[in-house]
Amino acid sequence: MNERATPNGNGSNGAPLLQLRGICRSFGHVRAVHEVDVDLQRNEILGIVGDNGAGKSTLMKIIAGTVSPDSGQILMNGEPVEITTAQDSRRLGIEMIYQDLALFDNLDVAANVFIGREPTRGLPSLLGFLERRRMHREAAALLQRLNIMIGSTRLPVGVLSGGQRQMVAIARAVAFEENNHILLMDEPSAALGATESATVTELIRDIRGDGLSIMIISHRIPEVLDLADRVMVMKRGEHVATLDARSTSVEECVNLIVAGAPAATGQA
Amino acid sequence: MTAVVPEDPPTETSVWSQRLRDLVFSGKLTWVTLGAVIVAEFVVFSIAAPRFLSTTNLLNTGRATAVLMIVATGATFGLISGALDISGASVMALSGTIGTQIVIAGYPASLAILAAIASGFGAGLVNGFVVVKLRVNPLVATLGMLGIAYGLAFVVDGGAGIAGNLRQTTDAAYGVMKNDLVGIPLPLVFAVLFAAAGWVLLAKTRFGLYTYAVGGNASAGRSVALPVDRLRMMYLVFSGACAATGGWVLSSTLGGSGAASVPGTLILTVITAVILGGVGLMGGTGTMGGTILGVIVLGVLENGMTLAGWPTFYQYVVEGLLLLLAVGLEAVRTGGYR
Amino acid sequence: MTTTATPPGAPLDSRAQAAARARRLLLGQHVLLLIALILLGTYFTSRLDFFLTSQNVLTILRFSAVTFIVATGFTLVLIGGGLDLSIGSGMAVVGVTSGKLFEAGVPLVLAFVIGVVVGVAIGFVNGFIVTQFRINPLIATLAMLFALLGVAFIITDGRSTQLRDDGFRFARENVGGVPVPVFFLIATAVLSVVLLHTTKAGRHLFAVGGNPDAARQAAMNVDRFRLGMYTVAGLYTGIAGVLLASDLGAIAPNSARNWELYVATAVFLGGASLTGGRGSVVGTFIGVVFVSALDNGLVQMAVRPQIVLIVVGTAMILAVAFDQRPKGGFR
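Residue positions within a chain follow its written sequence, with the count starting from 1. Each chain is given a letter, starting from A, and each ligand a number, starting from 1, according to the order in which they appear as written. Local features in this predicted model are restricted to residues of pLDDT 70 or higher, and side-chain atom pairs are both shown and tallied only at a pLDDT of 80 or more, whereas totals for entire chains, interfaces and linings draw on every residue. Hydrogens and waters are ignored; side-chain quantities use all the structure's heavy atoms.

A. Just the sheet that holds strand β5 (residues 79-81) of chain A, in detail. All names here are of chain A. The strand order β2-β1-β4-β5 describes an open sheet built from four strands, whose pairing is antiparallel. Looking at which strands have only one partner, the edges of the open sheet turn out to be β2 (30-40) and β5. Here the strands of the sheet are splayed against their neighbours by 30° on average, with no regard to which way each runs. Relative to strand β4 (residues 71-76), strand β1 (residues 18-27) runs antiparallel, the two being bridged by five bridges. Across the sheet, R21 pairs through a bridge with Q73, a residue of β4. Strands qualify as paired when DSSP identifies two bridges or more between them. A run of H or I in DSSP becomes a helix once it reaches four residues, and a run of E becomes a strand once it reaches two; helices and strands are each numbered from the N terminus. Fitted lines through C-alpha atoms serve as axes, helices being fitted only where they are in contact, and the angles separating the N-to-C directions of these axes extend from 0 to 180 degrees.

B. Region of interest: the sheet that holds strand β10 (residues 212-217) of chain A. Residues and elements named next belong to chain A. The mixed open sheet is built from six strands, whose spatial order is β6-β9-β10-β3-β11-β12. Edge strands, defined here as strands with exactly one partner in the open sheet, are β6 (94-97) and β12 (238-244). When the angles between neighbouring strand axes are averaged without regard to direction, this sheet yields 20°. Summarising the sheet, β6 and strand β9 (residues 181-186) pair through four bridges and their orientation is parallel. For I97, the partnering residue across the bridge sits in β9 and is M185. Here a residue-residue contact requires only that any non-hydrogen atoms of the pair lie within 4.5 Å. Docked against the sheet, helix α6 (residues 194-207) engages β9 and β10, running at close to 150° with respect to β10.

C. Highlighting the interface of chain C and chain B. Across the contact, 48 residues belong to chain C and 49 residues belong to chain B. Accessible area that two parts lose when put together, evaluated with a 1.4 Å probe and summed over both, is termed the buried area. For the pair chain C and chain B, the summed buried surface comes to about 4,300 Å²; carbon and sulfur atoms form 77% of the total. For this document, the term salt bridge refers to a Lys or Arg side-chain nitrogen within 4 Å of an Asp or Glu carboxyl oxygen. For the pair chain C and chain B, the number of links is zero salt bridges. Nitrogen and oxygen atoms within 3.5 Å of one another constitute a polar contact, given that in protein one can donate a hydrogen and the other can accept it, and given that sequence-neighbouring residues count only through two side-chain atoms. Linking chain C with chain B are zero residue pairs in polar contact (both at pLDDT 80 or more), by the criterion used here. Of all the elements in the fold, those that place two or more residues in the side of chain C that touches chain B are α5 (108-132), α6 (137-156), α11 (259-269) and α13 (305-324) of chain C.

D. Geometry of a nonpolar patch on the surface. Residue and element names in this part refer to chain C. What goes into a patch is any residue over 30% in relative accessible area without a salt bridge, connected to like charges within 9 Å or, for nonpolar side chains (Val, Leu, Ile, Met, Phe, Trp, Tyr), within 5 Å. Surface accessibility in these figures is a Shrake-Rupley result with a 1.4 Å probe; residues are shielded only by whichever protein chains are displayed. Residues V31, L32, I35, L39 and F322 make up a contiguous nonpolar surface patch of roughly 500 Å² in combined accessible area. Per-element tally for the nonpolar patch: the top contributor is helix α2 (residues 31-47), with four residues. Secondary-structure assignment places I35 in helix α2.

E. Region of interest: the packing of aromatic side chains. Stacked, edge-to-face and tilted are the three classes for Phe, Tyr and Trp ring pairs, Trp counted by its six-membered ring, which pair at centre distances within 6.5 Å; planes under 30 degrees apart are stacked, over 60 edge-to-face, the rest tilted. Tallied over the entire structure, the rule returns 22 aromatic pairs over all chains. Plain terms: the ring middles of B:Y316 and C:F153 are 6.1 Å apart, the flat faces sit at 45° to each other, and that makes the pair tilted. With B:Y316 in helix α14 (residues 312-334) and C:F153 in helix α6, this pair bridges two chains. Per-residue accessibility, obtained with a 1.4 Å probe over protein chains only, is compared with the maximum for each type, and a residue is labelled buried under 20%, exposed over 50%, and partly exposed between these values. Accessibility expressed as a relative area gives 10% for C:F153, which makes it buried. Each residue in the set B:W310, B:F313, B:Y314, B:Y316, C:F146 and C:F153 is aromatic and connected to the rest through ring pairs, giving one cluster. Above the plane of the ring of C:F63 lies C:R62, whose end atom (NZ or CZ) is 5.3 Å from the centre. Over a ring means this: the NZ of a Lys or the CZ of an Arg is within 6 Å of the ring centre and within 35 degrees of the ring normal.

F. The arrangement of the pattern of salt bridges in detail. In this structure the tally under the stated criterion is 23 salt bridges over all chains. Among the salt bridges present, the one from C:D247 reaches C:R62, with a minimum N-O distance of 2.6 Å. Of the two residues, C:D247 sits in helix α10 (residues 222-248) while C:R62 sits in helix α3 (residues 54-79), which places them 185 residues apart along the sequence. For the pair C:D247 and C:R62, one class covers both residues: buried. Linked through salt bridges whose partners overlap, the residues forming this network are A:R121, A:E131, A:R134 and A:E138.

G. Inspection of the side chain of B:D85 at higher detail. Residue and element names in this part refer to chain B. Residue placement: D85 occurs in the loop between α3 (55-80) and α4 (88-104). For the purpose of counting charges, residues Lys and Arg are taken to be positive, whereas Asp and Glu are taken to be negative. His and the chain ends are not included. One buried charge, D85, has no salt-bridge partner; the nearest side chain with opposite charge is R232, at 13 Å. A distance of 2.7 Å separates a polar atom in the side chain of D85 from a polar atom in the side chain of S87. For D85, the side chain forms a polar contact with the side chain of S239, separated by 2.8 Å.

H. Broad picture of the environment of B:F313. Looking at where B:F313 falls in the secondary structure, it is placed in helix α14. Apart from residues lying up to four places away in sequence, B:F313 is in contact with C:G150, C:F153, C:I154, C:D157 and C:G158.

Rendered as structure tokens:
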């Protein structure tokens, strides 16, 4: 599980797991994302890099359903899908870890892991009784499986360290793993120190398994090159290039980010 | 972060100060403080007014506090979800007035009660709509509703309450809350059941958990696909419905009420009880247990001060000081308002 | 996400900018409210022939004066990111104090001054609790609302009494045909505009309210600003409290109950915001006149005062809703 799996390219029907075609989105006069095509293969880690305002986060939010595109198409396994709300994307097996982590500081670890999908019995839906004991048991098992060190699932998330919070967010995202599971991560290590960041990177490597594909935004290019199979470079809302993480270099990435064209490599 | 390792060998004082600090920071302080306050109230009032400890008086206190408990249950959900609903007292007035007028007009009491409580649903729906759709801060939205519901209540009873010629009703079913159940005042029984149901709802169900989630971090709620707006709406409707239920119980106890029957300061007492009980103003924290203790503190205070011969208005001062004390302790714990 | 507030001590405006700023200050965002006020006036004039007579306009202004004075204090506090729910009770304490003093034979001017001093003290206590005990202003002033209401009742022993000597009722007098409270209104307006828009402290208050953390990073003493603004608001509460008592000619502890709804409506109509950093004296003035005119017109059209409550409540919600539209509002 720890060794880097090679992307096996095509799924059962030959199409990539997730495809974006001609995605556009503007905010007022600003073209946040413009005519972007992306393919995400099964079991792949795709890094997305780019300067501030390059459209990385907007692109991810479009996949997660919290921002709707002005035009363009999203396909899963070659079939067009409709993602207009966060509920839609969750139903399709897409989980997003936001930069702000979207954790509830006032709730305990177990409640954060299960939020929105709590096991209940008795009455239906909102009035159902929470199976708190089961939530704690399963959350503890999940943390153990992922090698996450947190004292108790009863701790409120607000008292955890930055790295622990990040890991709770990751645990929540992979807790309900299904086929064709896609994990979107926005700057998972931005707010972390070196040690914590290394632990989180280790965790990301660990969780990549059968059927889990990851898209990851990061400013730390060496880290992305280390983790990802392919790296996609964005500039001013456009998809500039996609590079093979093993054959490219930090310099090449930086040049693409700054100049937006591979020709710049020679001048540098 | 909470693991504080004492550097010195634990001497007598450091153990105690450590314990005190743990207590302050554990959040259980609210409970301990309130418990101590209630005990102190019992001691002081039983000395100041010998009649205080009689069964009759304690049951009377329960009867008088029932309405506060019912309205505070709704306010607890509202405030934990991040919405301070200050329209409660006027929704109570509206509910009681509507119920009274319908039963006076000769319709069955069941219809009157239903309409009374439905008025709270309506007020809550409007509050929810204003907050969720018009994006108005709940404090402002419910301040507006405070005026609107009060005005509507006056329209419904034609100002009869102010003029002092409000007609009472002798309808036994509508006035059911005047009765006792095996010697215990019915409003007290009802309030206890109501608070227990509120406790189960808040602590045990998904509805309750989401109250904390929405109040703690609404934007995270949206990110994890909780229907935040619909939930906010529900908590405001619940709050309105509780206020309306309280309004009916009051009206039923009085044998009919009008717009002027509910003192405007009642909602402040409700908020004081809820905040005394440890519900944070910013949402996301608090328990029903705390609210129940907060209600008992204020209910006993009111009864005891009256019995001891202190004019009602001294209660305002004590209530205000209690509120400051409670929030001051909370501010010590959390670092307070910046 | 890291939009910083206007830096403190922003460069001095050029003359053109100053003119534009003055225009924005006077009208700007209040155009809609002014149009609404004009429409309201037109409607009432068409239904009541005496609505626009100088007599009635002066009556409206006289009623506006007390509301405006407290509303201005409320506006200052909102701009600085605070909230003051205790204004009604504060006015009650001030009113009964000066009324009682006058009744006991203290000269009018001294009774007035002591009343105002009591108001300043109340404001200072509000500010002290908020800044020193770090209690959220909503709760701090809610507690003060209770405590002060209690104090007002204790001072009067729970009774409302009419003052026998008419000498206290200077607020009912006219000077040169203009009601006395209107002079106070003008003085308050001028003082507030000067404080808020010409002094450095006044302009910094917007930064403190809009983004206290940024203000702290810019080395502003946020607590001192807060203490100051509550104290100034207390000054206004004091003046308004004496004026109200004088207008009623009574020592009435519950005279200013539910005052908060009217004041809040006027202030929110005038463009101030609960989230701090926004608000203006001119906006508040127009808001107060709007509410007073509404009240005056509806009552004279024999609409029951309770319906006025409904209209005022609705107006406030709509004003805030409309105002917040472009900014996204409460989330």
